[in-house]
Every structure is written in C-alpha cells, then in structure tokens.
Amino acid sequence: MVSRPTPPGSFPHSPPPDSGRSDATSGDGADDPGAETDRMRESGGLGTIPVRQIGGSAGPWRPDRAGASGQTGASGRAGASGRAGTGGGADGGVATGWPGASQRPGVFGEPGAQGQPAGRPRPGVPSGAGRKSGGLLMRIGDIPIRVAYSLGAAVITGVIVVLIFILFSGDEPSDPVGARQGVAPTAQPSPAVSPITLPALPDVTALKALPGTPSVVLGAVTDARSAVTYASLGKPWAAKAVPSFSAGQQVGSAGLPRTVIASGPLPGATPAKPLKSDADYRRAALSAVKWTIRNHHPEGGKVTWTASQRLATGKGWVLAYRVTYEVKGKERSSRAALAVIDIGRRKPSVLFVTVPDTRKRLWADIAPVMASVRAL
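All values reported here derive from a predicted model rather than from experimental measurement.

### Considerations on the side chain of Ser226
Looking at where Ser226 falls in the secondary structure, it is placed in the loop between strand 4 (217-223) and strand 5 (228-233). On the basis of relative accessible area, Ser226 is assigned to the buried category, the value being 0%. Not counting residues up to four positions away in its chain, the partners in contact with Ser226 are Ser246, Ser263, Gly264, Pro265, Ile343 and Ser349.

This is how it looks when you write it as structure tokens:
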C-alpha cells in the first residue's frame, strides 16, 4: 500500500469512515474498539500536540529523537504514525513525528534551527563553538574593571622593566674601578700653613717720620664703607682697588712686595665684645698685623716693632713695624704701619700702609698718612 505524502506544515489526519479501511469496522457492522482507540485525535490549532489512544489511555505523542517511527500500541502496529514519518527506528537518523516538524521552530526541532533536522549543527559553525565562545565572553565580562586595569598596568610595568634592563645592561664602564676613583678621588691633604709668630709688643713708642721725600697731598680719600677718611697723595700714588680692602692707592704693580695705602673693615670676624679700652684696640691691631703678614708680604717675613701708640685723632691704636723676607735669595724688607679706628660700630676699621725698600723715598709718607686718618 502506497501512502501519499503529507504536505509540509500540515497536521496528520484520519481517513474518512468510508475510505474502505478493513480495520475501521467489523464484519457485523459494529464499531471496532481497536479502530476507535487507534484513531488520532487532533485539535484545530497550530502547535497542539496530536494525541493517540493506545490500549484505552490517552497521552501526548512525542517524536522519537533517535529516529523511532512513533508510539506502538498493544496490537504492535508500528505504521500508525508512519504516515507522518518515514517509519522504523531501525533506519534511524530521521526526525519523526508529524510532517514539517523539523521545519517549525520551537515545536519539535531545535530552537532556531529552521529547516534543519533536529540535533544537526548549522552549516559552517563548528560543534560547540557558540557555546564555548559565549561562555568565554561571559567570563571576561564578569571580571571587574579595576582588576582588568591592574593586570594591564602590571603587564606594562613588567615589559618596561625588561626593556630597560636589556637596553642598559651593557652600559657598564670598561674599568669600573677607575670610574669609581674618578668619581670620588682621594682627598689630598691641604698644605700646612706656617703660623705667624710676632714678638712681644714694646711699651708705648711714638711713630716717627722716616727719611725720604714726602708726596704731595692732593686731598682726602673718603671710604664710606669703612667710615673713615685720610690723605690722598699725588704721584707716584694712584687710586686703585686693593684686594681685601674697600678703598686704596697704589704705586707700581700689585705683585709682592706691594706699595699700597688701603682702608677697610677689620679683617676676620666681628669681635665678640665691643672694643672699649686701649688694650682691646691693641689686641685687635696685633691680630690685623698677622693677617697683613700672611696676605700682603712675601712668605717667611719676620716682624720687628718700630712703634706702638694710641691713635692721634680718635679712639684706636697704631702699630708700626719692619718686615724682613727674601726675594730671589736676597734679603729684603718693607716698612709698614696699621691703625685700628673706632667708627662707632661693633667692628672697627683699619688703615694699612706698606712700602718696600725698593722705594725708600716713599717711607716718608707713612707717618703723615697715619696722622691724617679719622672716623667719619
């Protein structure tokens, strides 16, 4: 018997009572109970599951996903639902049930697998690919944004450290010991400074004029910084800057031994206590003479005192002396004088004069200049 194929998408239906089925009625015209129970009951709406009564019980008919031809009754007929399928699960692999079930999404086939048999993957999509990729994306999406930024920053930092190590690992000097010695050279000991030893001061001794020809007095030098004024001499004297002083006059070059008249603040630190007595000014003058021997006379000079007296024009003290030294193996000397002047400040000022023996005629200018100095 050849069964007519059912159009796709239509429900299976039962043949009319007069179709000549031998199992519809019995020979005596009475209703056949087996035929009644084997008849499909259908509903009129799409998606209603066909119900088959087998052995007097009714239940939903479900397609066999393994390819079975459908439910078989107690009578053992397997062809009752074969009108909708292809028959026998032994042939397997073909979705059974009503025709077009595999083409209807959401009924018996896989959701969304339109036109594809149930259980068969879509063309061009590897099996399980969608599930795996979707799961991975969901896991990535669950990672907090701070954790993602922290991981990214850690990776970038590691890469930078590795690059720096690679780039600068070969920049070591060829001689590390020499390089370290060049950075931190061995400190050389400073040359020892020979102490200046002065003889004891004599009793009060007046400053006397020395032989020679005094220079012409042109006017007065006013040293505002030192707050003193004194005589300004003519040729060969000329106004020049003298190292360590604020004002000065000079003859010849600045090399040692010098020929200078200069004024400035008392060298060194400000006295801890104000100078009041003659003894205070005398000690200050003694300290200043040591400074001049070290800085303005040739090295190795020896001092001989020629005068020690109070300042004639105010509060202060004057010391005069001769300095003996060697120049190119010959003994030479200079005449000098220094005055400490009270200017009304904690730190007094000084006036210094020195003339070497190569200009003996200018020794006569020492006493007049010392007599002319006064505070402003």
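Continuing now.
### Here we look at the nonpolar core
In this structure, Tyr230, Trp237, Ile261, Ile341, Leu351, Met370 and Val373 are the most contacted members of the largest nonpolar core, which totals 27 residues. Sorting the residues of this core by element identifies strand 5, strand 10 (316-327), strand 11 (330-341), strand 12 (349-356) and helix 6 (366-372) as the ones contributing at least two each. With four residues, the top contributor of residues to this core is strand 5. Ignoring any residue separated from it by four or fewer positions in sequence, one finds Val373 in contact with Val228, Thr229, Tyr230, Leu311, Thr313, Ile341 and Leu351. Membership of the second largest hydrophobic core comes to 25 residues, among which are Tyr281, Ala284, Ala288 and Tyr321.

### Let's talk about the pairing of strand 7 (residues 247-250)
Of the two faces of strand 7, both are covered, the one formed by Ala247 and Gln249 as well as the one formed by Gly248 and Gln250. Note: strand 6 (residues 238-239) against strand 7, two bridges, orientation antiparallel. Paired with Ala238 across the strands is Gln250, a residue of strand 7. With four bridges joining them, strand 7 and strand 8 (residues 260-265) adopt antiparallel strand pairing. Bridge pairing links Gln250 to Val260 in strand 8.

### Quick look at the sheet that holds strand 12
Sheet strands associate in pairs through backbone hydrogen bonding, adopting either a parallel or an antiparallel arrangement. Read across the sheet, seven strands follow the order 6-7-8-12-11-10-9 without closing on themselves; strand pairing throughout is antiparallel. Of all strands in the sheet, those with a lone pairing partner are strand 6 and strand 9 (302-310), marking the two edges. In the sheet, strand 10 pairs with strand 11 via twelve bridges, with the strands oriented antiparallel. Note on strand 11: the bridge partner recorded for Gly316 is Ile341. Helix 5 (residues 278-296) rests against strand 9, strand 10, strand 11 and strand 12 of the sheet, and its axis sits at about 25° to strand 10.

### Focus on unusual backbone geometry
Peptide bonds are trans in most cases, and residues, glycine excluded, mostly fall at negative phi. For the bond from Lys235 to Pro236, the omega torsion is 10°, close enough to zero to count as cis. Within the element layout of this structure, Pro236 appears in the loop between strand 5 and strand 6. A cis amide bond links Leu256 with the next residue in sequence, Pro257, at an omega value of -10°. We note that Ser244 has phi near 75°; this positive angle belongs to a residue other than glycine. Relative to the assigned elements, Ser244 resides in the loop between strand 6 and strand 7.

What counts as what
- Each chain has its residues counted from 1, running along the sequence as written.
- Selection of residues for local features in this predicted model requires a pLDDT of at least 70, selection of side-chain atom pairs for listing and counting requires 80 or more, and totals for whole chains, interfaces and linings are taken over all residues.
- Excluded from the side-chain calculations are hydrogens and water; all other atoms, namely the structure's heavy atoms, are used.
- Working definition: helices are DSSP H or I runs of at least four residues, strands are E runs of at least two. Numbering for both runs from the N terminus.
- Classification of residues uses two cut-offs on accessible area relative to the type maximum, computed with a 1.4 Å probe and protein chains only: under 20% is buried, over 50% is exposed, and between them is partly exposed.
- Any pair of residues with heavy atoms lying within 4.5 Å of one another is described as a contacting pair.
- We define the nonpolar core as a collection of buried residues of types Ala, Val, Leu, Ile, Met, Phe, Trp, Tyr and Cys that are connected through side-chain atoms lying within 4.5 Å of one another.
- Pairing between two strands requires that DSSP report at least two bridges joining them.
- What counts as an axis is a line fitted to C-alpha atoms, over the stretch in contact for a helix, and the angles between N-to-C directions run from 0 to 180 degrees.

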